[in-house]
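For reference, the chains in residue letters:
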Amino acid sequence: MSKSKEVAKPFDGEHDYEGGLAVIDKNPVADPGMEPHRVRMTDKSPAHEKAAARQVTALFVFSMISSFLAIVAYFAFPLSHLSLGNVRANTLFLGLGIAFGMLAIGIGAVHWAKTLMPDAEVSEARHQTRGSEEVRARAIEIINLANQESGFSRRKLIRRTLYGALALFPIPGIILFADLGPLGAEVDEKLRHTAWKKGSRLAKDPYGTPIKASDVTVGSVFHVIPEDLKEYNADGSLNSEYLNEKAKAAVLLVRVDPTDLNPSKGRESWAYDGIVAYSKICTHVGCPVALYEQHTHHLLCPCHQSTFDLSNECAVVFGPASRALPQLPITVDAEGYLVAQSDFNEPVGPSFWER
Amino acid sequence: MAKQSSKKNLRRSPFAAVLVILAGLLISGGGYAAANAVVNANSHVDYTAAQQEEGKRLFAANCASCHGKNAEGTKAAPSLIGVGSASVDFQVGTGRMPGQASGPQLIKKEVQFTAAQTEALAAYVSSLAPGPNVPDEKWLSTSGNTTRGGELFRINCAMCHNAVGAGGALTEGKFAASLKGVEAKHIYEAMLTGPQNMPVFNDNNLTPQDKQDIISYLKYVENNPSAGGEELANLGPVAEGLFAWIFMLGGIVVITIWLGAKSN
C-alpha cells in the first residue's frame, strides 16, 4: 500500500498526523479569558447611581411629553389646502413628537440597562452542534409517527399529486420571464411607430399651437408635439392613448445657422433652413433630452449625462447612450407651418428586443 | 395708342428692373418688418439722443476692446449689432458684463454700472440695429396665472433650471443659473434674448403673457415655503441623498457605537 492511498485520520486535536511533516499547533488561538471586570461609577458612588436613575426617569417623562405634543400638533395644525404652512408644521411636529416619544423609550431602556442593571461578565460554553443520541432518536421517532399518522408513505395518490403541484408551482414565475424576450408583433409595431405622419403639423407643447417656420428664430428651442394628437376626442371624452403617444412623439425643435449642420447623404432635405427636429426621448433609457446649449449645439440628457451633438445629426459625444437621437424629417406646408415629412425613420427611445 | 406705347416704354425702360427690385424690396422688407414687429410687439422704448451719445462714450471706454469700436465684434467677443436693448440690460444689469475672465461661462458678479449708465448703453446698442427691447412694465408684474406658468416652466425651462428654478449643471463647466432672487425684468430678458448658451424663447414661442405667467410662477415658489420642510437648496436627489448618508446613517452609527459601549 503506497502512502498516498492512506486515508488520513481526522485531526482529533490531540495527536499529530502519523508520519506527516506538518507541525500542528494544537492551540492556534489562545483563549484570552475573561476581561477584568471594571466597576462602574454607578456601582461605586450612590450619587452617580441616583443621577443615572433620574436620567432614565427623565427620558421616560420626555417620551410621555413628546407623545402628548404629537397629539397636540395634530389638532393645533389642522391640514388645509389653503395653508401650506400648516401642512409643514403638522408634518414636522407630529413626526418629531412620535419620533422622540419612541426614541426616548429606547434610549432610556438602554441607559437603564447599561448603568443600573448588573454588569458582571458571564461566560457560557457553546454547546455541541450535533444533537445527543436521545434527541436524534426522538426526532426520528417523531418523523416516523408523523409519517404514520399522515399516511404520507401509504397514500400514494395524495403524495404524487402533491409532488405534481409543487413541480408546477414555480412555472408561472418562469413564464413571466418570457416578457424579457421578444414582445410579439403588436407591441413591436407600437414601439416602431409614433403619432407623427406625413403632413402632421408641429405644434407647441402643451397647448397645441401650430408653429410657423418664421416663428423659429436662430437659437430658438420649441418643445413640440404633433398638432393632430389631441388630449380629448371630438366627442369630449379623454383620449386614453394621449399620454402614451405623447411620450413617444415628443420632439425638440431647434433653429441653427444652416451652415452649422452637417447632414449625411440622403438626409439633407430633413431640415428646413436650419430648423431641425429631433426626438426628445433619450436612446439610453428614455429620459427627455432637452438641455440644449445654444452655442455648442450640445443636447444633454439630465439623467445620465449622455450628450448629443445637434450639429452632427445628434451623434452621441458623451455618456452611456449608444445611438444618435432619431431625426424627424420636416418641411413647411403651403401656409408656412412646419409639418412632418413622415414618421421617424427608426424607432425612438431606448433599445428593445427586436431592435 | 399713345397711352399704350407709354406703358410699353415704361416696361422696357432701363429703369423697369430697378423699379421692380425696389417694389420687391419694399414688400419683402415691409413684410419682414411686420413679422419683426410681431416678434417684439411687447415693448416700445424710446431713448433720447443724449442717452445714445452717453452710451456710445461708455461703450468705447468699457466694451469696445472686446466687442469692437462699432460693436461689430472681434475674435474675443460677438457682434452686438441687432442684439437689442433687452440683451444689454440683462448682461450689464446682472453684472455678467463687462466679463471678468473668459471661461466656460461668464458669471454673475457685482453690477458695474448704474441704472442710468446701463440704460445709456442699451440706448446706444439698440440704435445700431433693431433687436429685442427691454420689456414693458405690464408684463413684469407677478399677477399672472401661476398654474399655467408652472406648466410652461416645467416644459420649457425646468430641464435646465430645475422645477423650482434652483439651477443645475450643464456640460463642461457650464451651468443653468439659479433663478432665485433674479429680477422679473432680467428673467424676461433672458427668455427673450437667450444669453450665453441658453436658447432663445421669442414672443412666438412664449408670448409675453406666457412669460409673465412663468415669472409669476417663479416668484410664487420663491415666496412660499416648501410644504416638505427644509429644501436642501432644492437640488434634488444628490443633496437629499448626501444628507441622508451623512446625518441619518451617521446617526445610526453613533447610536450603534453607544449601544455597544460599556457604561463608564
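Residues numbered from 1 in each chain as written. Chains lettered and ligands numbered in written order. Predicted model: local features only at pLDDT ≥ 70, side-chain atom pairs only at ≥ 80, totals over all residues.

1. Digging into the overall build of chain B
- Looking only at helices and strands, chain B has eleven helices and two strands in total.
- Secondary structure elements of chain B occur, N-terminal to C-terminal, as α-α-α-α-α-α-α-α-β-β-α-α-α.
- A total of 264 residues make up chain B; the buried ones form 34% of that total.
- Once local pairs closer than 6 in sequence are excluded, the contacts in chain B between residues at least 24 apart make up 69%. (Helix = DSSP H or I, 4+ residues; strand = E, 2+ residues; numbered from the N terminus. Buried ≥ 20, exposed ≤ 12 C-beta atoms within 10 Å, placed from the backbone. Contact = placed C-beta atoms within 7 Å.)

2. Focus on the environment of Gly260 of chain B
- Within the secondary structure, Gly260 of chain B sits in helix H11 (residues 237-260).
- Overall, the presence of 7 C-beta atoms within 10 Å leaves Gly260 of chain B in the exposed class.

3. What about the confidence of the model for chain B?
All names here are of chain B.
- Looking at chain B, the pLDDT average stands at 85 and 83% of residues meet or exceed 70.
- Contacts for the low-pLDDT stretch residues 34-43, under 50 throughout, to residues beyond four places or in other chains number 18 contacts.
- What the predictor reports for the complex is a pTM of 0.73 with an ipTM of 0.76. (pLDDT = per-residue confidence, 0-100.)

4. Examining the interface of chain B and chain A
- Facing the 24 residues of chain B at the interface are 33 residues of chain A.
- Taken together, the elements giving at least two residues each to the side of chain B that touches chain A come down to helix H7 (146-156) and helix H8 (158-161) of chain B.
- Classifying every residue of the side of chain B that touches chain A by side-chain character gives eleven nonpolar, eleven polar and two charged. (Nonpolar A, V, L, I, M, F, W, Y, C, P; charged D, E, K, R; others polar.)

5. Details of the sheet that holds strand S4 (residues 275-279) of chain A
Residues and elements named next belong to chain A.
- Spatially, S1-S2-S3-S4-S9 is the arrangement adopted by the five strands of the open sheet, whose pairing is antiparallel. In this open sheet, the two strands that pair with only one neighbour each are strand S1 (202-204) and strand S9 (327-328).
- Summarising the sheet, S1 and strand S2 (residues 221-226) pair through three bridges and their orientation is antiparallel. Of the residues in S2, the one forming a bridge with Leu202 is Pro226. (Pairing = 2+ DSSP bridges.)

6. Here we look at unusual backbone geometry
- The linkage connecting Asp205 of chain A with the following residue, Pro206 of chain A, adopts the cis geometry, with an omega of 5 degrees.
- Relative to the elements of secondary structure, Pro206 of chain A occurs in the loop between S1 and S2.
- With an omega of 0 degrees, the peptide bond running from Met97 of chain B to Pro98 of chain B counts as cis.
- Among the secondary structure elements, Pro98 of chain B is positioned in the loop between helix H5 (84-93) and helix H6 (115-128).
- One non-glycine residue, Ala71 of chain B, lies in the positive phi region at around 60 degrees.
- Along the chain, the position of Ala71 of chain B falls in the loop between helix H4 (64-67) and H5.

7. Regarding the nonpolar core
- Counting 86 residues, the largest nonpolar core has Leu202, Val224, Val251, Leu252, Leu253, Ala277 and Ile330 of chain A as the members making the most contacts within it.
- Among residues more than four places away in sequence, those in contact with Ile330 of chain A are Leu202, Trp270, Tyr272, Ile275, Ala277, Leu338, Val339, Ala340 and Gln341 of chain A. (Core = buried A, V, L, I, M, F, W, Y, C linked by C-beta atoms within 7 Å.)

8. Overview of the pairing of strand S8 (residues 315-318) of chain A
Residues and elements named next belong to chain A.
- The pairing of strand S7 (residues 307-309) with S8 spans three bridges and is classified as antiparallel. Each bridged residue has a counterpart across the sheet, and for Thr307 the counterpart in S8 is Phe318.
- What sits between the antiparallel neighbours S7 and S8 is a turn of five residues, in which Glu313 has the positive phi angle 60 degrees.

9. Quick look at the packing of H5 of chain B against helix H9 (residues 184-193) of chain B
All names here are of chain B.
- In contact at an axis separation of 9 Å, H5 and H9 are set at 125 degrees when each is read in the N-to-C sense. The orientation of H5 with respect to H9, classified from their angle, is oblique. The two elements H5 and H9 cross, and the hand of that crossing is left-handed. Two secondary-structure elements touch here, H5 through Gly84, Ala86, Ser87, Asp89, Phe90 and Gly93 and H9 through His186, Glu189, Ala190, Leu192 and Thr193.
- Its residues placed into classes, the contact of H5 with H9 shows four nonpolar, five polar and two charged. (Axes fitted to C-alpha atoms, helices over the stretch in contact; angles between N-to-C directions. Parallel < 35°, antiparallel > 145°, perpendicular 65-115°, else oblique. Left-handed = near helix turned anticlockwise from the far one by under 90°.)

10. Structural notes on the sheet that holds strand S6 (residues 298-300) of chain A
Residue and element names in this part refer to chain A.
- Read across the open sheet, the four strands follow the order S5-S6-S7-S8; overall the sheet is antiparallel. The strands lining the two open edges of the sheet, one partner per strand, are strand S5 (291-292) and S8.
- One ladder, built from three bridges, connects S6 with S7; its direction is antiparallel. Across the sheet, the residue bridging to Leu299 is Phe308, located in S7.

11. Re the confidence of the model for chain A
- Looking at chain A as a whole, its pLDDT mean stands at 89, while 94% of the residues score no less than 70.
- Within the model, pLDDT remains below 50 along residues 1-5 of chain A, and this stretch shows zero contacts once partners closer than five positions in the same chain are excluded.

12. Some remarks on helix H3 (residues 49-62) of chain B
Residues and elements named next belong to chain B.
- Here H3 is 14 residues long and its end C-alpha atoms lie 20 Å apart, about the 20 Å a rise of 1.5 Å per residue gives.
- Listing the buried residues of H3 in full gives Gly55, Lys56 and Phe59. The buried residues of H3 all sit within an arc of 105 degrees when viewed along its axis, so they share a single face. Pointing more than 90 degrees away from the buried face of H3 are the exposed residues Ala50 and Ala61. (Expected span 1.5 Å × (residues − 1). Arc of directions from axis to C-beta.)

13. Some points on helix H4 (residues 133-150) of chain A
Residues and elements named next belong to chain A.
- The terminal C-alpha atoms of H4 lie 26 Å apart, and with 18 residues this matches the ideal 26 Å at 1.5 Å per residue to within 8%.
- Of all the 18 residues making up H4, zero are buried; the element is thus mostly uncovered.
- Immediately downstream of H4, the backbone of Gly151 shows phi near 70 degrees, a positive value.

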